Structures are given as structure tokens and as C-alpha cells.
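# Overview (structure and organization)
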Amino acid sequence: MKTPRWESLLSRAQDGELSAEEKRELERLLREDEASLDQYLDAMALDALSQEHHDEESIAKPLAHVANQATETRAWRTAVLAIAASLVFVAGWWSLQTSDSPSSSRAERVVTGPRVVLAKGQNAEFEMPSGVQVRLRGPAAYQTLGDNQLSLTSGLLTANVPPQATGFRVVTPNGDVVDHGTEIGVMVDELQTELHVFEGQAEVVLPLDGVSSMVGASKAVRVNHPNNAGYEPISIQPSLFGKPAKAASSRIRFDFDSNDEAWTQTQTGVFADRGDQPTSNLTAGQSRYETLVGFVKLPAAEDKVESFHDNPLQFAPQSGEGRVLPLPFHFRDSMSSLRLTSPPFRLNSNDGPITAFITGGRGHAETPPDFVHELPDQADGEGFLGLALRRVRDGRYLCSVRRRPGNFYEWAPVEISQSTLAAATRNDPADEVYVLDLIDTYQDPRWSWIGLDTVSIPGRLVPGRLVPGRLVPDRLVEEQ
Amino acid sequence: MAGSQATIEDDEMVALIAKHQPMLRAVIRSMVPGYVSGHSDGDDVLQETNMVLWQKRATFEPGSSFPAWAATVARLQVMAWRKRSVAHRAMTLDDDALIEKIASRAAELADDMDQRREALRHCLAGLTAEQRELVQQRYFSKESLVDYAAQRGLTYPTLKKNLERVRTRLRKCVRLRLAAEAS
């Protein structure tokens, strides 16, 4: 059975796309021909091996079904924790293939360390093979589960995670913490796990259903015992982990709710629509960025791709009631460059990163042009799609960020780190005025887009009603 | 401490269930070819099977073949799941004898799963960067292949054709390596 037809049948079965007729054909072949059955099982085995990263989920999930039997649940959870190391090892082999890191052969000899118990007053300090600096304060109990993962059953841990060790995981009985290249503190006791993020960001993963939440710099959350699966924000306590408390920070936050200080449309396009009858402001009009507050349902597209856009898209805001989206939404916009500009602000250079959440794509260019006046009028395949910090005085883009690859329709956290900000603005006087620009100068092959929510800036807004023209020269030009 | 004795057995059972996830996934996927696995609700039967294995752990005889026992449970779960809706029936093989035949191959699949993993690791390394990215998109990314196709400027059918070629290549490569080891 080596016909192209057979290969296509196999591949379609691997993707769950067989028609009723194809399924019958497959069954007939499998029944009649032993070699076909062999190949079919080979294909499915490869499929299963490519999905071993889901194993943890398929084992953890049944917990939810037996949750009413407390002892059953505890025994299962304990046992799952005990074998976490083997699952990690198994999941690790894939990264060997995808990362070009020369050190990846290390994963071959991942071993689980001994279970270590620290008494009160005892401390431990060591480096994980991945480069993570770990400090533990007793009373504590922990065990390394691999190159970049340890289990903490009780105690206080702080970790400095260098960029190459992003993904460092702390497994706790109440839920896991996954670090995304930061400095964090983790406190574990029988009933709860606390995550304190001093710099960068980290993620908490609940033991049930793999629910996870990103926690930003200077934020903390408490994750409750698995039987009560949930988490809540708490105030960060650097002193608990022996860190000096920071001076009260002042940050500007934009949730794009109705009461927020408005961002300004600084670059818009011409009229565009996608041919719907009747049209709405969501599907036709001047192409522009708009803050949409409340429940928004973007109508299904006429020119959908396969079945993907069959249903209306519902965009929940990342936080609060509103979010920024490009309109008209769908790939017949005018292909003009779009830009949305924040109110002017001054920066506190030592008060953490600029953080935001972005949906949509990531464009092509790593950075925007040097100056705002160099932005093209028309989007093209080379353009930048992201968020950039602009110095108002001369319109120079000092630093920028675009989202990581991922699902276009989910909010992705982005960050311009404190050190990047400090380096980019080191020659500026303390009262320098900046704005953030949300920039879309990219289209490929037909359409691309970017949405924005939950922006946090270490700084304060420039007070009073200043003449926009004096602050933002390019805005004056455009508004005439 | 009767309790601690039970915990050790529980540990062993969970370790067995965990170890044999790839085999169970392969067996169940083969019985339910209509399933879009790796997607949010695509792993229902596997999860249910895991739960039933756990709940029936007392009926497993230590020393007997775990894969054979687990595959029997999986087969019954698939047949129960198939009955639950018309959609499930459409996704599942209709021929009970064929389903049983697949279950009977479980022990053999479980036996060489480690070699298959090792072979796959080598075979993936032999792909072009582009082919590897495609495999990664299909199995490791939440982004839909439709989006990915659009991003690459390809039509969806073209992308699917490419994926099919990569799969054929990987399957043959793994098969060759397994045969080489066996001989």
C-alpha cells in the first residue's frame, strides 16, 4: 500500500479530517491488509510521541472527576508529583530537536536529585544545571527534578533566572510556578503557594485543568490548595525573601476602559469595507485603531478561510472593560499604516519594565525605523508591528517590542525591561517626555493586525492641558 | 501503617499509567481516527481511560501485562464513548473486530515505544529546518495551521500536502531504524 492516496488517507486520519467515506475506506484497508495496519499503527505511534507534552495534562485532568473523593485525589496527586520527573524527562527530548543550543545534550543525563530537608535556620544556595541561581531558606523540603525544574514541598525559595533558563519550573503541591526569565520568590506550605515576582514575569499553573495566569513585575499571587483550586492577588513582600522593599512605585496604567486617559489616533487609513450587507462600524469605515468598550462580537467573515472564521469572533479584553482593536476588522482593510499614540509621560528609569498585552501578529521588522517621520504610509511585507517608545522632542524611536509567536487570538504579554529602558534613555534629562506608539506597518500576505490592552508604564503622565503640537510635533502636522 | 503500603502501590500504578501514555494515546487514536488530537477536548477518551485504570487498579494483577490490561480498558472506553453521540460514532471505527485487533497490538507497541522515540529523535534531526518547523507548528503550537499557512503565504491544502510528505518521510525513517535495530 504505497499509493499517494493511502498516504493522504493516513495523514488525514492523523489530523482527524476523514470524511465518512474515507473512514470506511480506511477500515476496509486495515481489515484486509496487514501491512496497512502496521503502517497505520506506526503513524499513530509517531503522532502520540509528538504529543507527549500533553501527557501531564491527560494524567492530571482525571483529578477533576474524582475530586469528591478526597483521599483518592490526594493519593493521585502525590503519585503524580512523584513521577513528575519522568514526564519532564520525556517532554525534554523534543527541545533537543528544536533548540540549536549546543548544551542541549545535557538533557540526556537529567537525573532526579535526592529529597533534601532543611531545618529551621538552615539555608541552601546552589545553581541548577540550566544556570538558575536558587536560594532556599529552612524549614524547607525540596528535590531537583531535572536540569531546570525542582519540586518544593515547603519553604521559601528565591530564584534568579537568566534568559537561557526561561521556563524554570517550581512544582509545588498546590500548583506550579513557571518562570519567564526573572527574579522570583516562592513560598510553599501545606495549604498554599505564594509567587512574588520581583522582576520580569512568571506564570502560576493550577493543578486542575492546567489553568494558568501570568504575573507581572512587582506583583504577587497566592495559589490555594488543589481541592480549592484557585488563586488571588496579594501584595508583594520583598522582605519575606530578604530583599529590600522598593520605594512606592508610581506607574501609569491603561486598561482602555471608558474613564481612561485617551490614546490618540495619529495615523489612520482610507475607507475600507469587506463587502458585508449591511455593514457595521466593525466591518467598514476609515481604517483606524479604536478603543472598544464592553462586549464586542466581530461578525463572521464572508471570505473566511476553510472553517476558521465560521463563527463571530469574541474578543474579551485582557483586563477591565475595554481593549484596542483595528477596525474594520478583517483582511480587507485599506492596508494603510496605522498608529495610535499614548498621552505624553515622563519615565522613572528604575521602577520596572513597560508591560502590555498584544493580540494579533508580530510583523516582519524587528524594530520600527529610527524616527516617526520615517514610518511608511502603506503597510508592506517588511514592516514593523508592535509597540515602540518615542522621544517626543525629536520623534526618535528608542526601543520597541513585538509579541512572541503564538495564537493570534490570544493576549500575549510583552515587556520592555527596566534595563532596556535605562539603556535607551540614558542620555536623556530626567524631565524628558515620551509617548508609546502602537504601530502597524505590516501586511502579509493579505492582512495583519494587532490589538492592545493593559499597558503599564513606570512613570507619570505629563500634567495639565499642554498644547499637543508642542509636545508631539508630528501630531500637529497631521492634525492640520 | 497499612496506608504507606497502599501508597507505594499507588505510586507504581501512576508510574505505569504515565509510562504508557504514548502507547495508550496511539491505541486510542487508532481506534478513533476522527479525533483531532492535541486539541482542547480531543483527549477525552484518554483521560477517561486513565481515570478508569486508576479506579480499577485493585483489579490489576501484579506480574501480568500492564499494556494488555490497559488496552482492554481503553477498548471498552472507546466503545462506550462511541455510543454516546452520533458525532462520536462518526469519529470512531465501526468494526469491533478491528478495534479488538488494534488493542491486541498494544503490548508490542509498548515494547518498542522507547526505540521509536529514539528513532524519531534522529529522524527529526534529518529534516530540513522548514519541515521541522511544520511539525512543530502541528504538534506544539496553539496557532492554527490555517493561520500558519496564511503567514507563510501558502494555501492550506498545500501546507497539508507538505505535512503529509514530512509524515511519510518520518514514518519510513523510523521504520528503517527499528528494522535495523531488530536485525
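A few points on the structure. (Residues numbered from 1 in each chain as written. Chains lettered and ligands numbered in written order. Predicted model: local features only at pLDDT ≥ 70, side-chain atom pairs only at ≥ 80, totals over all residues. Heavy atoms only, no water.)

## What about the overall build of chain B?
Which entries qualify depends on this criterion: Every helix listed is a DSSP run of H or I at least four residues long, and every strand listed is a run of E at least two residues long, numbered separately from the N terminus. Classification of residues uses two cut-offs on accessible area relative to the type maximum, computed with a 1.4 Å probe and protein chains only: under 20% is buried, over 50% is exposed, and between them is partly exposed. Contact definition: two residues touch when any of their heavy atoms are within 4.5 Å. Computed by Shrake-Rupley with a 1.4 Å probe, the accessible areas treat only the displayed protein chains as cover when residues are assessed.
Looking only at helices and strands, chain B features eleven helices and zero strands. Counting every position in chain B, which comprises 183 residues, the buried fraction comes to 52%. In chain B, the proportion of contacts linking residues at least 24 apart, taken out of those at least 6 apart, comes to 63%. Surface exposure of chain B reaches about 8,500 Å², of which carbon and sulfur atoms provide 55%.

## Examining the pattern of salt bridges
We count it as follows: Every case where a carboxyl oxygen of Asp or Glu lies within 4 Å of a side-chain nitrogen of Lys or Arg is listed as a salt bridge.
Applying the stated criterion across every chain yields a total of 39 salt bridges over all chains. Of the charged contacts in the structure, one is a salt bridge between A:Glu232 and A:Arg222, with a shortest N-O distance of 3.4 Å. In this pair, A:Glu232 is assigned in strand 12 (residues 231-234) and A:Arg222 in strand 11 (residues 219-224), connecting sequence segments ten residues apart. According to the relative accessible area criterion, A:Glu232 is partly exposed, its value standing at 32%. A salt bridge links A:Asp255 to A:Arg253; its shortest N-O distance comes to 3.1 Å. A relative accessible area of 15% places A:Asp255 in the buried class. What emerges from the salt-bridge pattern is a single network uniting A:Arg12, A:Asp15, A:Glu17, A:Glu22, B:Arg138, B:Lys160 and B:Arg167.

## A short note on helix 9 (residues 129-140) of chain B
Definition in use: By this rule the span expected of a helix is its residue count minus one, scaled by 1.5 Å.
The first and last C-alpha atoms of helix 9 of chain B sit 15 Å apart over twelve residues, in line with the 16 Å expected at 1.5 Å per residue. For helix 9 of chain B, the complete set of buried residues consists of B:Gln131, B:Arg132, B:Leu134, B:Val135, B:Gln137, B:Arg138 and B:Tyr139.

## Re the packing of aromatic side chains
Under the convention used in this document: Here the aromatic set is Phe, Tyr and Trp, taking the six-membered ring for Trp, and pairing holds for ring centres within 6.5 Å; pairs whose planes are under 30 degrees apart are stacked, those over 60 apart are edge-to-face, and all others are tilted.
Within the structure shown, the criterion is met by eleven aromatic pairs over all chains. Plain terms: the ring middles of A:Phe126 and A:Tyr142 are 5.6 Å apart, the flat faces sit at 20° to each other, and that makes the pair stacked. Residue A:Phe126 is found in strand 2 (residues 123-127), and its partner A:Tyr142 is found in strand 3 (residues 133-146); the two are separated by 16 residues along the sequence. For the pair B:Phe60 and B:Trp69, a centre-to-centre distance of 5.0 Å together with 40° between the ring planes defines the contact as tilted.

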